[in-house]
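Residues per chain, in single letters:
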Amino acid sequence: MADSSPPKTLNFNVGVLGHVDSGKTSVARALSSTASTAAFDKNPQSKERGITLDLGFSAFTVPLPEHLKESCGEKQYDSLQFTLVDCPGHASLIRTIIG
């Protein structure tokens, strides 16, 4: 009989930080397969000003590398999900980043 338990995913959160106009959002967009509604500068002011004003969340999933399968012990993870947190790069938005 096949194992019917749902696949388990190990999550790894990555903050994408850098100076304004350094390409953070472009990198997150290129890597991601899943994006939240706040991701990728959907805020009208973001589009107008050409900068990220809100935190954006996106993700991509890869098969769990063998060396992690061995080190996870009893927890049998099937995949590794990277959640990218795209942070504003403008100095005046530092409170958003800290939040």
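Residues numbered from 1 in each chain as written. Predicted model: local features only at pLDDT ≥ 70, side-chain atom pairs only at ≥ 80, totals over all residues. Heavy atoms only, no water.

The protein chain has the name Tr-type G domain-containing protein in an unreviewed UniProt entry, where Cirrhinus mrigala is given as its organism.

**So, the overall build of the protein chain**
On a plain count of helices and strands, the protein chain comes out with 4 helices and 4 strands. Reading the protein chain from its N terminus to its C terminus gives the helix and strand order β-α-β-α-β-α-β-α. Put simply, the protein chain has 99 residues, and 28% of those count as buried. Taking all contacts inside the protein chain whose residues are at least 6 apart in sequence as the whole, residues at least 24 apart take part in 62%. Split by element, the accessible area of the protein chain, about 6900 Å² in all, is 56% carbon and sulfur. (Helix = DSSP H or I, 4+ residues; strand = E, 2+ residues; numbered from the N terminus. Buried < 20%, exposed > 50% of the residue type's maximum accessible area, 1.4 Å probe, protein only. Contact = heavy atoms within 4.5 Å. Areas by Shrake-Rupley, 256 points an atom, 1.4 Å probe, with all protein chains shown as cover.)

**Description of helix α1 (residues 24–31)**
By the burial criterion, the buried members of α1 are Lys24, Thr25 and Ala28. Buried residues in α1, looked at end-on, bunch into an arc of 95°, giving them a common side. On its buried face, α1 sits against β1 (9–16), β3 (56–63) and β4 (79–86). (Arc of directions from axis to C-beta.)

**Some points on the side chain of Ser58**
Mapped onto the fold, Ser58 is located in strand β3. Among the polar contacts listed, one links the side chain of Ser58 to the side chain of Ser32, at a separation of 2.8 Å. (Polar contact = N/O pair within 3.5 Å; in protein donor to acceptor, adjacent residues only side chain to side chain.)

**What to know about the environment of Ser26**
Tracing the backbone shows Ser26 in helix α1. Considered as a pair, Ser26 and Asp86 are 60 residues apart in the sequence and their alpha carbons are 9.7 Å apart.

**Structural notes on the environment of Thr83**
As for its position among the elements, Thr83 is in strand β4. On a C-alpha basis, the gap between Thr83 and Ser58 in space is 5.8 Å, while along the polypeptide they are 25 residues apart. Thr83 has contacts with Asn11, Phe12, Asn13, Val14, Ser58 and Ala59, leaving out every residue within four places of it along the chain. Side-chain polar atoms of Thr83 contact the side chain of Asn11, separated by 2.9 Å.

**Overview of the packing of aromatic side chains**
Within a pair of aromatic rings, the relevant descriptors are the distance that separates the centres and the angle that separates the planes. According to the stated counting rule, one finds 2 aromatic pairs in the structure shown. Relative to Phe82, the ring of Phe12 lies with its centre 5.6 Å away and its plane at 80°, an arrangement referred to as edge-to-face. On the criterion of sequence distance, the pair formed by Phe12 in strand β1 and Phe82 in strand β4 is long-range, its members being 70 residues apart. Here the aromatic rings of Phe60 and Phe82 are separated by 5.1 Å at their centres, their planes lie at 20°, and the arrangement is stacked. Taken as a pair, Phe60 in strand β3 and Phe82 in strand β4 lie far apart in primary sequence, 22 residues in all. Take Phe60: its relative accessible area is 18%, and that puts it in the buried class. Through pairs of rings, three or more aromatic residues link up here, namely Phe12, Phe60 and Phe82. (Phe/Tyr/Trp six-rings, centres within 6.5 Å; stacked < 30°, edge-to-face > 60°.)

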